[in-house]
Number of protein chains: 2
Amino acid sequence: MTAALFNGKPEAGAWIRARGLHYGDGVFRTALVFDGNVVDLDRQLAKLASDARQLHLSAGVAACRRDATKLARGQRRAVIKWLLWRGAKARGYRPASATTERLVMIDALPARTPASWTRGVAAFRSPVVISEQPLLAGIKHLNRAEQVLASIDWPRGAMEAILCDRAGRPIGGTRSNLFWIRRGRLYTPQLSACGVAGVMREKVLEVAQSLGIDWRIDTLSWREFATSDEAFLTNSLIGIWPLRSCDRHEWRAPGAFTREIMRHLSHPLVPA
Amino acid sequence: MTAALFNGKPEAGAWIRARGLHYGDGVFRTALVFDGNVVDLDRQLAKLASDARQLHLSAGVAACRRDATKLARGQRRAVIKWLLWRGAKARGYRPASATTERLVMIDALPARTPASWTRGVAAFRSPVVISEQPLLAGIKHLNRAEQVLASIDWPRGAMEAILCDRAGRPIGGTRSNLFWIRRGRLYTPQLSACGVAGVMREKVLEVAQSLGIDWRIDTLSWREFATSDEAFLTNSLIGIWPLRSCDRHEWRAPGAFTREIMRHLSHPLVPA
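Cut-offs applied
- Residues numbered from 1 in each chain as written.
- Chains lettered and ligands numbered in written order.
- Predicted model: local features only at pLDDT ≥ 70, side-chain atom pairs only at ≥ 80, totals over all residues.
- Heavy atoms only, no water.
- Helix = DSSP H or I, 4+ residues; strand = E, 2+ residues; numbered from the N terminus.
- Rg over C-alpha atoms; globule rule 2.2 N^0.38 Å.
- Buried < 20%, exposed > 50% of the residue type's maximum accessible area, 1.4 Å probe, protein only.
- Arc of directions from axis to C-beta.
- Contact = heavy atoms within 4.5 Å.
- Least-squares fit on C-alpha atoms with pLDDT ≥ 70 in both.
- Pairing = 2+ DSSP bridges.
- Axes fitted to C-alpha atoms, helices over the stretch in contact; angles between N-to-C directions.
- Salt bridge = Lys/Arg side-chain N within 4 Å of Asp/Glu carboxyl O.
- Buried area = accessible area lost by both parts, 1.4 Å probe.
- Nonpolar A, V, L, I, M, F, W, Y, C, P; charged D, E, K, R; others polar.

## Describing the overall build of chain A
Helix and strand content of chain A: eight helices and 15 strands. What you see for chain A is a C-alpha radius of gyration of 19 Å, in line with the 19 Å of a compact globule of 272 residues. In terms of principal-axis extent, the alpha carbons of chain A reach across some 65 × 45 × 35 Å. Across the 272 residues that make up chain A, the buried fraction comes to 61%.

## A word on helix 8 (residues 256–264) of chain B
Residues and elements named next belong to chain B. Taken together, the buried positions of helix 8 are Thr258, Ile261 and Met262. End-on, the buried residues of helix 8 take up no more than an arc of 100°, which puts them together on one face. For helix 8, the secondary structure elements touched by its buried residues are helix 4 (115–118), strand 10 (177–182), strand 11 (185–189), helix 6 (199–210), strand 13 (230–235) and strand 14 (239–246). Downstream of helix 8 by a residue or two, Ser266 has a phi angle that is positive, lying close to 45°.

## Here's the deal with the relation of the copies chain B and chain A
One copy of the chain maps onto the other through a rotation about an axis plus a displacement along that axis. Rotating chain B by 180° and translating it 0.0 Å along the rotation axis places it on chain A, where the RMSD comes to 0.0 Å. Overall, the copies show the geometry of a two-fold rotation axis. When C-alpha positions in chain B are compared against the rotation axis, the closest is assigned to Leu21(B), at 2.0 Å. A shared binding surface is used by both copies, with 100% of the interface residues of chain B retained as interface residues in chain A.

## Examining the sheet that holds strand 1 (residues 3–6) of chain B
Spatially, 4(A)-3(A)-5(A)-6(A)-1(B)-2(B) is the arrangement adopted by the six strands of the open sheet, whose pairing is antiparallel. On the outer flanks of this sheet lie strand 4 (37–38) of chain A together with strand 2 (9–10) of chain B, each paired with one strand and no other. Sheet contacts for helix 2 (residues 41–54) of chain A: strand 3 (26–34), strand 4 and strand 5 (77–86) of chain A; angle to strand 3 of chain A, the most-contacted strand, approximately 175°. The sheet contacts of helix 3 (residues 61–72) of chain A involve strand 3, strand 4, strand 5 and strand 6 (100–108) of chain A together with strand 1 of chain B, and relative to strand 6 of chain A the element is tilted by about 20°.

## Description of the pattern of salt bridges
In total, this model carries 34 salt bridges over all chains according to the counting rule given. As a salt-bridge pair, Arg185(A) and Asp214(A) come within 2.7 Å of each other at their nearest N and O atoms. With Arg185(A) in strand 11 (residues 185–189) and Asp214(A) in the loop between helix 6 (199–210) and strand 12 (215–218), the pair connects residues that are 29 residues apart, well separated along the chain. Note on Arg185(A): relative accessible area 21%, which makes it partly exposed. A relative accessible area of 40% means that Asp214(A) is categorised as partly exposed. Of the charged contacts in the structure, one is a salt bridge between Arg169(B) and Asp165(B), with a shortest N-O distance of 2.9 Å. Residue classification places Asp165(B) among the buried positions, given a relative accessible area of 4%.

## Section: the interface of chain B and chain A
In this complex, chain B contributes 69 residues to the contact, which on the side of chain A involves 69 residues. Between chain B and chain A, the buried area comes to about 6,300 Å², and carbon and sulfur atoms account for 61% of it. Counting across the interface, chain B meets chain A through four salt bridges. The set of elements that each furnish at least two residues to the side of chain B that touches chain A consists of strand 1, helix 1 (19–23), strand 3 (26–34), helix 3 (61–72), strand 5 (77–86), strand 6 (100–108), strand 7 (121–129) and helix 5 (145–149) of chain B. For the side of chain B that touches chain A, the element with the highest residue contribution is strand 6 of chain B, accounting for nine residues. In terms of residue class, the side of chain B that touches chain A is built from 36 nonpolar, 16 polar and 17 charged. In the sheet, strand 6 of chain A pairs with strand 1 of chain B via four bridges, with the strands oriented antiparallel. Each bridged residue has a counterpart across the sheet, and for Ile106(A) the counterpart in strand 1 of chain B is Ala3(B).

Below, the structure is given as C-alpha coordinates:
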(Lines give C-alpha, C1' and ligand atoms only; values in the text may rest on other atoms or scores of the structure.)
Protein backbone atom coordinates (compact mmCIF):
# COMPACT_ATOMS: atom_id res chain seq x y z
CA MET A 1 0.00 0.00 0.00
CA THR A 2 3.04 2.30 -0.06
CA ALA A 3 2.38 5.52 -1.90
CA ALA A 4 4.53 8.62 -1.99
CA LEU A 5 4.64 12.21 -3.18
CA PHE A 6 8.01 13.79 -3.97
CA ASN A 7 7.72 17.57 -4.05
CA GLY A 8 3.99 17.04 -4.50
CA LYS A 9 4.18 14.60 -7.43
CA PRO A 10 3.53 10.84 -7.26
CA GLU A 11 6.83 8.99 -6.98
CA ALA A 12 7.27 5.24 -7.27
CA GLY A 13 11.07 4.92 -7.53
CA ALA A 14 12.74 2.39 -5.23
CA TRP A 15 14.91 5.19 -3.84
CA ILE A 16 12.06 6.49 -1.67
CA ARG A 17 12.71 3.60 0.74
CA ALA A 18 16.51 4.10 0.78
CA ARG A 19 17.82 3.60 4.31
CA GLY A 20 20.62 5.96 3.38
CA LEU A 21 18.01 8.70 3.10
CA HIS A 22 15.75 7.69 5.97
CA TYR A 23 18.43 6.87 8.55
CA GLY A 24 21.87 7.64 7.14
CA ASP A 25 22.34 3.86 7.38
CA GLY A 26 25.32 3.63 5.06
CA VAL A 27 28.78 4.85 4.14
CA PHE A 28 30.40 6.88 1.38
CA ARG A 29 33.77 7.74 -0.06
CA THR A 30 34.99 10.48 -2.40
CA ALA A 31 37.98 10.15 -4.72
CA LEU A 32 39.80 12.08 -7.39
CA VAL A 33 39.55 11.12 -11.05
CA PHE A 34 42.63 12.13 -13.04
CA ASP A 35 43.20 11.39 -16.70
CA GLY A 36 40.46 8.78 -16.78
CA ASN A 37 41.57 6.88 -13.69
CA VAL A 38 40.40 6.87 -10.09
CA VAL A 39 43.39 7.85 -7.96
CA ASP A 40 44.20 5.34 -5.18
CA LEU A 41 41.32 3.16 -6.30
CA ASP A 42 42.45 0.06 -4.39
CA ARG A 43 42.88 1.96 -1.15
CA GLN A 44 39.56 3.73 -1.58
CA LEU A 45 37.74 0.47 -2.15
CA ALA A 46 39.50 -1.22 0.76
CA LYS A 47 38.47 1.60 3.09
CA LEU A 48 34.93 1.63 1.70
CA ALA A 49 34.65 -2.08 2.42
CA SER A 50 36.09 -1.77 5.90
CA ASP A 51 33.80 1.17 6.76
CA ALA A 52 30.83 -0.80 5.43
CA ARG A 53 31.78 -3.80 7.57
CA GLN A 54 31.66 -1.61 10.66
CA LEU A 55 27.94 -1.10 9.91
CA HIS A 56 27.56 -4.85 9.14
CA LEU A 57 27.19 -4.03 5.46
CA SER A 58 28.76 -5.84 2.56
CA ALA A 59 30.35 -3.37 0.13
CA GLY A 60 30.42 -5.45 -3.06
CA VAL A 61 33.87 -4.16 -3.97
CA ALA A 62 33.92 -5.64 -7.49
CA ALA A 63 30.73 -3.80 -8.46
CA CYS A 64 31.99 -0.56 -6.87
CA ARG A 65 35.17 -0.86 -8.90
CA ARG A 66 33.32 -1.63 -12.13
CA ASP A 67 30.96 1.34 -11.76
CA ALA A 68 33.76 3.77 -10.90
CA THR A 69 35.96 2.62 -13.74
CA LYS A 70 33.10 3.00 -16.19
CA LEU A 71 32.23 6.53 -15.00
CA ALA A 72 35.85 7.69 -14.85
CA ARG A 73 36.70 6.61 -18.40
CA GLY A 74 37.59 9.61 -20.55
CA GLN A 75 37.26 12.13 -17.70
CA ARG A 76 40.28 14.37 -17.35
CA ARG A 77 39.57 15.77 -13.89
CA ALA A 78 36.54 14.80 -11.83
CA VAL A 79 35.26 13.69 -8.46
CA ILE A 80 33.82 10.26 -7.93
CA LYS A 81 31.65 9.36 -4.98
CA TRP A 82 30.42 6.00 -3.80
CA LEU A 83 27.40 5.78 -1.50
CA LEU A 84 26.38 2.43 -0.06
CA TRP A 85 23.40 1.82 2.17
CA ARG A 86 21.52 -1.09 3.61
CA GLY A 87 18.65 -2.45 1.57
CA ALA A 88 15.19 -1.80 2.99
CA LYS A 89 12.65 -4.54 3.54
CA ALA A 90 10.33 -3.19 6.17
CA ARG A 91 9.72 0.13 7.92
CA GLY A 92 11.71 0.87 11.04
CA TYR A 93 15.29 1.16 12.23
CA ARG A 94 15.99 -2.56 12.56
CA PRO A 95 18.07 -3.88 9.66
CA ALA A 96 15.94 -6.51 7.94
CA SER A 97 17.84 -7.04 4.71
CA ALA A 98 21.32 -8.36 3.97
CA THR A 99 21.46 -6.50 0.67
CA THR A 100 23.38 -3.30 -0.05
CA GLU A 101 22.34 -0.55 -2.45
CA ARG A 102 24.95 1.34 -4.37
CA LEU A 103 25.03 4.80 -5.91
CA VAL A 104 28.19 5.84 -7.75
CA MET A 105 28.37 9.39 -9.09
CA ILE A 106 30.82 11.45 -11.05
CA ASP A 107 30.92 15.25 -10.88
CA ALA A 108 33.09 18.15 -12.00
CA LEU A 109 36.15 18.78 -9.86
CA PRO A 110 35.80 22.12 -8.04
CA ALA A 111 38.15 24.80 -9.37
CA ARG A 112 41.09 25.49 -7.07
CA THR A 113 43.76 28.14 -7.01
CA PRO A 114 47.36 26.86 -7.19
CA ALA A 115 48.16 29.14 -4.24
CA SER A 116 46.29 26.75 -1.92
CA TRP A 117 49.17 24.31 -2.40
CA THR A 118 52.05 26.71 -2.86
CA ARG A 119 51.21 29.29 -0.19
CA GLY A 120 48.77 27.43 2.06
CA VAL A 121 45.23 28.10 3.21
CA ALA A 122 43.54 29.83 6.13
CA ALA A 123 41.34 27.88 8.54
CA PHE A 124 39.47 28.73 11.71
CA ARG A 125 38.27 26.92 14.80
CA SER A 126 34.64 25.97 14.36
CA PRO A 127 32.18 26.79 17.15
CA VAL A 128 30.55 23.40 16.42
CA VAL A 129 31.77 20.82 18.92
CA ILE A 130 31.95 17.37 17.41
CA SER A 131 30.02 14.66 19.25
CA GLU A 132 31.60 11.42 20.39
CA GLN A 133 30.36 8.04 19.23
CA PRO A 134 33.07 5.37 19.30
CA LEU A 135 30.80 2.94 17.40
CA LEU A 136 30.85 5.25 14.38
CA ALA A 137 34.19 7.00 14.83
CA GLY A 138 36.67 6.97 11.98
CA ILE A 139 34.22 5.76 9.35
CA LYS A 140 32.65 7.85 6.59
CA HIS A 141 28.99 7.20 7.38
CA LEU A 142 26.10 9.19 5.95
CA ASN A 143 25.29 11.07 9.18
CA ARG A 144 26.89 14.38 8.40
CA ALA A 145 24.58 16.98 9.93
CA GLU A 146 27.42 18.18 12.15
CA GLN A 147 29.65 18.80 9.15
CA VAL A 148 26.83 20.71 7.46
CA LEU A 149 26.33 22.89 10.54
CA ALA A 150 30.08 23.47 10.72
CA SER A 151 30.09 24.59 7.07
CA ILE A 152 27.81 27.58 7.61
CA ASP A 153 29.05 31.14 8.26
CA TRP A 154 32.76 30.86 7.59
CA PRO A 155 34.93 33.91 8.05
CA ARG A 156 35.96 35.53 4.79
CA GLY A 157 38.84 33.71 3.12
CA ALA A 158 38.66 30.59 5.28
CA MET A 159 39.10 27.33 3.36
CA GLU A 160 38.38 24.94 6.20
CA ALA A 161 36.84 24.81 9.69
CA ILE A 162 38.69 22.85 12.37
CA LEU A 163 36.42 20.87 14.67
CA CYS A 164 37.25 20.05 18.26
CA ASP A 165 35.81 17.52 20.68
CA ARG A 166 34.16 18.71 23.85
CA ALA A 167 37.45 18.77 25.68
CA GLY A 168 38.57 21.34 23.07
CA ARG A 169 41.02 18.98 21.37
CA PRO A 170 41.36 19.32 17.57
CA ILE A 171 39.89 16.36 15.66
CA GLY A 172 40.02 17.48 12.03
CA GLY A 173 38.49 19.67 9.36
CA THR A 174 34.92 19.35 8.09
CA ARG A 175 36.25 17.61 4.96
CA SER A 176 39.90 16.97 5.76
CA ASN A 177 42.26 15.37 8.22
CA LEU A 178 44.57 17.55 10.25
CA PHE A 179 48.33 17.15 10.79
CA TRP A 180 50.94 19.26 12.47
CA ILE A 181 54.66 19.13 13.09
CA ARG A 182 56.22 19.97 16.40
CA ARG A 183 59.93 19.65 17.08
CA GLY A 184 60.39 17.43 14.06
CA ARG A 185 57.60 15.01 14.91
CA LEU A 186 54.41 14.63 12.87
CA TYR A 187 51.09 14.49 14.77
CA THR A 188 47.55 13.70 13.73
CA PRO A 189 44.54 13.37 16.05
CA GLN A 190 43.33 10.02 17.26
CA LEU A 191 39.91 9.22 15.76
CA SER A 192 38.63 6.56 18.11
CA ALA A 193 35.78 8.65 19.55
CA CYS A 194 34.93 10.93 16.62
CA GLY A 195 36.22 12.14 13.27
CA VAL A 196 36.73 10.49 9.90
CA ALA A 197 39.88 8.66 8.83
CA GLY A 198 40.64 9.51 5.22
CA VAL A 199 42.69 7.55 2.72
CA MET A 200 45.09 10.49 2.40
CA ARG A 201 45.71 10.45 6.17
CA GLU A 202 46.87 6.85 5.87
CA LYS A 203 49.07 7.71 2.89
CA VAL A 204 50.70 10.67 4.64
CA LEU A 205 51.62 8.47 7.59
CA GLU A 206 53.16 5.94 5.23
CA VAL A 207 55.13 8.65 3.46
CA ALA A 208 56.36 10.00 6.81
CA GLN A 209 57.40 6.50 7.81
CA SER A 210 59.29 5.97 4.55
CA LEU A 211 61.05 9.32 4.98
CA GLY A 212 62.11 8.43 8.51
CA ILE A 213 59.92 11.18 10.01
CA ASP A 214 58.80 10.27 13.51
CA TRP A 215 54.99 10.35 13.76
CA ARG A 216 52.35 9.87 16.38
CA ILE A 217 48.57 9.47 16.42
CA ASP A 218 47.41 11.08 19.62
CA THR A 219 44.75 13.16 21.33
CA LEU A 220 46.37 16.49 21.96
CA SER A 221 45.29 19.92 23.13
CA TRP A 222 44.41 22.85 20.91
CA ARG A 223 47.49 24.55 22.28
CA GLU A 224 49.76 21.76 21.03
CA PHE A 225 48.33 22.28 17.56
CA ALA A 226 48.24 26.08 17.64
CA THR A 227 51.82 26.39 18.77
CA SER A 228 53.15 23.78 16.34
CA ASP A 229 55.89 24.52 13.80
CA GLU A 230 53.95 23.52 10.68
CA ALA A 231 50.45 22.29 9.97
CA PHE A 232 48.51 20.91 7.01
CA LEU A 233 45.20 19.43 5.87
CA THR A 234 44.68 16.32 3.76
CA ASN A 235 41.95 14.71 1.73
CA SER A 236 41.73 12.67 -1.44
CA LEU A 237 40.77 15.59 -3.65
CA ILE A 238 43.39 18.10 -2.51
CA GLY A 239 46.14 15.76 -1.37
CA ILE A 240 47.80 18.20 1.04
CA TRP A 241 47.04 21.84 1.70
CA PRO A 242 49.56 23.55 3.97
CA LEU A 243 47.92 25.62 6.70
CA ARG A 244 49.09 29.20 6.82
CA SER A 245 46.74 30.33 9.57
CA CYS A 246 44.06 29.22 11.96
CA ASP A 247 42.42 32.12 13.79
CA ARG A 248 45.33 34.15 15.21
CA HIS A 249 47.91 31.40 14.73
CA GLU A 250 50.18 31.60 11.74
CA TRP A 251 52.58 29.17 10.14
CA ARG A 252 55.16 29.36 7.42
CA ALA A 253 53.41 27.48 4.59
CA PRO A 254 54.48 25.10 3.40
CA GLY A 255 57.06 24.37 6.07
CA ALA A 256 60.09 22.21 5.37
CA PHE A 257 58.61 18.93 6.63
CA THR A 258 55.30 19.58 4.86
CA ARG A 259 57.14 20.29 1.62
CA GLU A 260 59.07 17.05 1.96
CA ILE A 261 55.89 15.04 2.50
CA MET A 262 54.12 16.81 -0.39
CA ARG A 263 57.04 15.93 -2.64
CA HIS A 264 56.72 12.22 -1.88
CA LEU A 265 52.93 11.94 -1.79
CA SER A 266 52.64 11.40 -5.56
CA HIS A 267 49.23 13.03 -5.69
CA PRO A 268 48.54 14.42 -9.20
CA LEU A 269 47.40 17.86 -7.95
CA VAL A 270 50.10 18.41 -5.34
CA PRO A 271 53.11 20.20 -6.87
CA ALA A 272 56.24 18.13 -6.27
CA MET B 1 28.79 16.48 -16.29
CA THR B 2 27.09 14.60 -13.43
CA ALA B 3 26.51 10.97 -14.25
CA ALA B 4 25.45 8.22 -11.91
CA LEU B 5 24.91 4.50 -11.64
CA PHE B 6 22.35 3.21 -9.16
CA ASN B 7 22.95 -0.48 -8.49
CA GLY B 8 24.89 -0.53 -11.72
CA LYS B 9 22.26 1.10 -13.94
CA PRO B 10 22.34 4.68 -15.27
CA GLU B 11 20.23 6.91 -13.04
CA ALA B 12 19.26 10.49 -13.82
CA GLY B 13 16.63 11.17 -11.15
CA ALA B 14 17.03 14.39 -9.15
CA TRP B 15 17.03 12.31 -5.95
CA ILE B 16 20.66 11.25 -6.51
CA ARG B 17 21.74 14.69 -5.28
CA ALA B 18 19.42 14.68 -2.25
CA ARG B 19 21.22 16.20 0.72
CA GLY B 20 19.00 14.04 2.89
CA LEU B 21 20.79 11.03 1.42
CA HIS B 22 24.29 12.46 1.16
CA TYR B 23 24.45 14.21 4.53
CA GLY B 24 21.28 13.52 6.51
CA ASP B 25 20.72 17.27 6.06
CA GLY B 26 17.02 17.24 6.89
CA VAL B 27 14.26 16.29 9.28
CA PHE B 28 11.36 13.84 9.39
CA ARG B 29 8.23 13.05 11.30
CA THR B 30 5.99 9.99 11.51
CA ALA B 31 2.27 10.08 12.32
CA LEU B 32 -0.69 7.77 12.59
CA VAL B 33 -3.45 7.75 9.99
CA PHE B 34 -6.80 6.66 11.39
CA ASP B 35 -10.06 6.53 9.45
CA GLY B 36 -8.69 8.70 6.66
CA ASN B 37 -7.23 11.42 8.89
CA VAL B 38 -3.75 12.17 10.15
CA VAL B 39 -3.91 12.13 13.94
CA ASP B 40 -2.61 15.33 15.59
CA LEU B 41 -1.89 16.80 12.16
CA ASP B 42 -1.52 20.39 13.40
CA ARG B 43 0.90 19.43 16.13
CA GLN B 44 2.91 17.22 13.78
CA LEU B 45 3.25 20.01 11.24
CA ALA B 46 4.15 22.56 13.89
CA LYS B 47 6.90 20.29 15.21
CA LEU B 48 8.11 19.50 11.70
CA ALA B 49 8.39 23.21 10.99
CA SER B 50 10.18 23.96 14.23
CA ASP B 51 12.64 21.07 13.74
CA ALA B 52 13.27 22.27 10.19
CA ARG B 53 13.94 25.80 11.43
CA GLN B 54 16.62 24.44 13.75
CA LEU B 55 18.48 23.35 10.60
CA HIS B 56 17.70 26.69 8.90
CA LEU B 57 15.20 24.94 6.62
CA SER B 58 11.79 26.15 5.65
CA ALA B 59 9.22 23.36 6.02
CA GLY B 60 6.52 24.54 3.65
CA VAL B 61 3.78 23.50 6.05
CA ALA B 62 0.90 24.06 3.63
CA ALA B 63 2.39 21.67 1.07
CA CYS B 64 3.18 19.10 3.78
CA ARG B 65 -0.44 19.26 4.93
CA ARG B 66 -1.80 18.99 1.41
CA ASP B 67 0.34 15.95 0.56
CA ALA B 68 -0.50 14.17 3.81
CA THR B 69 -4.21 14.83 3.51
CA LYS B 70 -4.21 13.50 -0.04
CA LEU B 71 -2.33 10.31 0.88
CA ALA B 72 -4.39 9.66 4.02
CA ARG B 73 -7.75 9.92 2.28
CA GLY B 74 -9.61 6.61 2.44
CA GLN B 75 -6.92 4.87 4.52
CA ARG B 76 -8.35 3.15 7.57
CA ARG B 77 -5.08 2.57 9.44
CA ALA B 78 -1.69 3.66 8.14
CA VAL B 79 1.57 5.42 8.90
CA ILE B 80 2.48 8.68 7.27
CA LYS B 81 6.01 10.01 7.14
CA TRP B 82 7.31 13.39 6.07
CA LEU B 83 10.94 13.81 5.08
CA LEU B 84 12.30 17.27 4.33
CA TRP B 85 15.83 18.04 3.23
CA ARG B 86 17.78 20.98 1.95
CA GLY B 87 17.88 21.43 -1.81
CA ALA B 88 21.24 20.77 -3.44
CA LYS B 89 22.92 23.23 -5.75
CA ALA B 90 26.57 22.31 -5.57
CA ARG B 91 28.69 19.50 -4.16
CA GLY B 92 29.89 19.79 -0.60
CA TYR B 93 28.56 20.25 2.90
CA ARG B 94 27.93 23.97 2.71
CA PRO B 95 24.24 24.78 2.24
CA ALA B 96 23.97 26.62 -1.06
CA SER B 97 20.24 26.55 -1.69
CA ALA B 98 17.30 28.04 0.20
CA THR B 99 14.91 25.43 -1.21
CA THR B 100 13.53 22.41 0.62
CA GLU B 101 12.69 19.05 -0.92
CA ARG B 102 9.78 17.06 0.42
CA LEU B 103 8.97 13.36 0.40
CA VAL B 104 5.69 12.29 1.96
CA MET B 105 4.97 8.56 2.20
CA ILE B 106 2.15 6.39 3.41
CA ASP B 107 2.66 2.80 4.54
CA ALA B 108 0.76 0.01 6.24
CA LEU B 109 0.51 0.29 10.02
CA PRO B 110 2.51 -2.52 11.65
CA ALA B 111 0.32 -5.14 13.32
CA ARG B 112 0.30 -4.87 17.12
CA THR B 113 -1.04 -7.09 19.85
CA PRO B 114 -3.62 -5.44 22.16
CA ALA B 115 -1.61 -6.80 25.11
CA SER B 116 1.08 -4.17 24.49
CA TRP B 117 -1.41 -1.60 25.77
CA THR B 118 -3.33 -3.65 28.30
CA ARG B 119 -0.44 -5.57 29.89
CA GLY B 120 2.60 -3.54 28.92
CA VAL B 121 5.82 -4.32 27.07
CA ALA B 122 9.34 -5.45 27.96
CA ALA B 123 12.34 -3.23 27.23
CA PHE B 124 16.04 -3.49 27.92
CA ARG B 125 18.95 -1.14 28.39
CA SER B 126 20.83 -0.75 25.12
CA PRO B 127 24.61 -1.15 25.13
CA VAL B 128 24.70 1.72 22.61
CA VAL B 129 25.53 4.98 24.39
CA ILE B 130 23.84 7.94 22.75
CA SER B 131 26.16 10.75 21.70
CA GLU B 132 25.65 14.34 22.78
CA GLN B 133 25.15 17.16 20.29
CA PRO B 134 23.15 20.07 21.73
CA LEU B 135 22.86 21.66 18.25
CA LEU B 136 20.81 18.69 17.06
CA ALA B 137 19.24 17.54 20.32
CA GLY B 138 15.48 17.15 20.49
CA ILE B 139 14.91 17.35 16.75
CA LYS B 140 14.04 14.47 14.42
CA HIS B 141 16.89 14.84 11.95
CA LEU B 142 17.86 12.21 9.40
CA ASN B 143 21.08 11.13 11.16
CA ARG B 144 19.85 7.94 12.75
CA ALA B 145 22.81 5.56 12.56
CA GLU B 146 22.82 5.30 16.37
CA GLN B 147 19.20 4.21 16.43
CA VAL B 148 19.93 1.63 13.74
CA LEU B 149 22.85 0.24 15.75
CA ALA B 150 20.67 0.18 18.85
CA SER B 151 18.01 -1.79 16.97
CA ILE B 152 20.23 -4.80 16.30
CA ASP B 153 20.32 -7.91 18.54
CA TRP B 154 17.43 -7.35 20.88
CA PRO B 155 16.76 -9.92 23.57
CA ARG B 156 13.82 -12.17 22.82
CA GLY B 157 10.49 -10.50 23.55
CA ALA B 158 11.89 -6.97 23.94
CA MET B 159 9.75 -4.28 22.30
CA GLU B 160 12.11 -1.35 22.85
CA ALA B 161 15.72 -0.55 23.73
CA ILE B 162 16.35 2.23 26.25
CA LEU B 163 19.32 4.42 25.40
CA CYS B 164 21.44 6.21 27.98
CA ASP B 165 23.89 9.07 27.69
CA ARG B 166 27.50 8.52 28.62
CA ALA B 167 26.80 9.31 32.25
CA GLY B 168 24.40 6.34 32.17
CA ARG B 169 21.27 8.46 32.43
CA PRO B 170 18.21 7.24 30.49
CA ILE B 171 17.33 9.42 27.50
CA GLY B 172 14.60 7.46 25.71
CA GLY B 173 13.82 4.49 23.50
CA THR B 174 15.10 4.07 19.95
CA ARG B 175 11.67 5.13 18.64
CA SER B 176 9.86 6.36 21.74
CA ASN B 177 10.02 8.81 24.60
CA LEU B 178 10.34 7.50 28.13
CA PHE B 179 8.34 8.46 31.20
CA TRP B 180 8.19 7.18 34.73
CA ILE B 181 6.29 7.91 37.91
CA ARG B 182 7.89 8.12 41.29
CA ARG B 183 6.00 9.04 44.43
CA GLY B 184 3.16 10.47 42.41
CA ARG B 185 5.31 12.68 40.19
CA LEU B 186 5.76 12.14 36.45
CA TYR B 187 9.30 12.35 35.02
CA THR B 188 10.67 12.42 31.51
CA PRO B 189 14.32 12.95 30.52
CA GLN B 190 15.62 16.34 29.49
CA LEU B 191 16.55 16.30 25.80
CA SER B 192 18.85 19.30 25.56
CA ALA B 193 22.01 17.30 24.76
CA CYS B 194 20.59 14.28 22.93
CA GLY B 195 17.36 12.43 22.20
CA VAL B 196 14.26 13.24 20.18
CA ALA B 197 11.22 15.11 21.51
CA GLY B 198 8.09 13.50 20.11
CA VAL B 199 4.65 15.01 19.70
CA MET B 200 3.22 12.40 22.07
CA ARG B 201 5.68 13.44 24.77
CA GLU B 202 4.30 16.97 24.58
CA LYS B 203 0.71 15.65 24.71
CA VAL B 204 1.38 13.45 27.73
CA LEU B 205 2.79 16.41 29.64
CA GLU B 206 -0.31 18.44 28.76
CA VAL B 207 -2.59 15.63 29.90
CA ALA B 208 -0.65 15.32 33.17
CA GLN B 209 -0.97 19.05 33.66
CA SER B 210 -4.72 18.99 33.04
CA LEU B 211 -5.14 16.07 35.48
CA GLY B 212 -3.21 17.94 38.17
CA ILE B 213 -0.35 15.41 38.09
CA ASP B 214 2.92 17.01 39.09
CA TRP B 215 5.55 16.54 36.38
CA ARG B 216 9.17 17.35 35.79
CA ILE B 217 11.58 17.29 32.83
CA ASP B 218 14.95 16.39 34.27
CA THR B 219 18.20 14.51 33.76
CA LEU B 220 18.02 11.65 36.21
CA SER B 221 19.98 8.52 36.95
CA TRP B 222 19.21 5.05 35.67
CA ARG B 223 18.47 4.10 39.28
CA GLU B 224 15.76 6.77 39.55
CA PHE B 225 14.09 5.22 36.53
CA ALA B 226 14.68 1.59 37.45
CA THR B 227 13.28 2.01 40.95
CA SER B 228 10.29 4.06 39.84
CA ASP B 229 6.69 3.05 40.63
CA GLU B 230 5.44 3.01 37.02
CA ALA B 231 6.97 3.59 33.62
CA PHE B 232 5.78 3.93 30.05
CA LEU B 233 6.84 4.67 26.47
CA THR B 234 5.20 7.06 24.02
CA ASN B 235 5.20 7.79 20.34
CA SER B 236 2.69 8.93 17.78
CA LEU B 237 1.96 5.45 16.45
CA ILE B 238 1.45 3.65 19.75
CA GLY B 239 0.30 6.51 21.94
CA ILE B 240 1.37 4.97 25.26
CA TRP B 241 2.76 1.53 25.98
CA PRO B 242 3.11 0.78 29.68
CA LEU B 243 6.47 -0.73 30.57
CA ARG B 244 6.24 -4.00 32.44
CA SER B 245 9.96 -4.69 32.57
CA CYS B 246 13.38 -3.36 31.67
CA ASP B 247 16.15 -5.89 32.25
CA ARG B 248 15.58 -7.13 35.81
CA HIS B 249 13.28 -4.28 36.81
CA GLU B 250 9.56 -4.95 36.80
CA TRP B 251 6.55 -2.73 37.07
CA ARG B 252 2.85 -3.29 37.42
CA ALA B 253 1.60 -2.38 33.93
CA PRO B 254 -0.28 -0.26 33.46
CA GLY B 255 0.03 1.41 36.86
CA ALA B 256 -2.71 3.68 38.21
CA PHE B 257 -1.17 6.95 36.99
CA THR B 258 -0.33 5.48 33.60
CA ARG B 259 -3.91 4.22 33.21
CA GLU B 260 -5.26 7.64 34.08
CA ILE B 261 -3.05 9.33 31.49
CA MET B 262 -3.91 6.70 28.85
CA ARG B 263 -7.59 7.34 29.53
CA HIS B 264 -7.25 11.04 28.82
CA LEU B 265 -4.80 10.89 25.90
CA SER B 266 -7.57 10.42 23.31
CA HIS B 267 -5.29 8.42 21.02
CA PRO B 268 -7.34 6.14 18.74
CA LEU B 269 -5.28 3.01 19.48
CA VAL B 270 -4.94 3.44 23.24
CA PRO B 271 -7.83 1.69 25.04
CA ALA B 272 -9.62 4.21 27.28
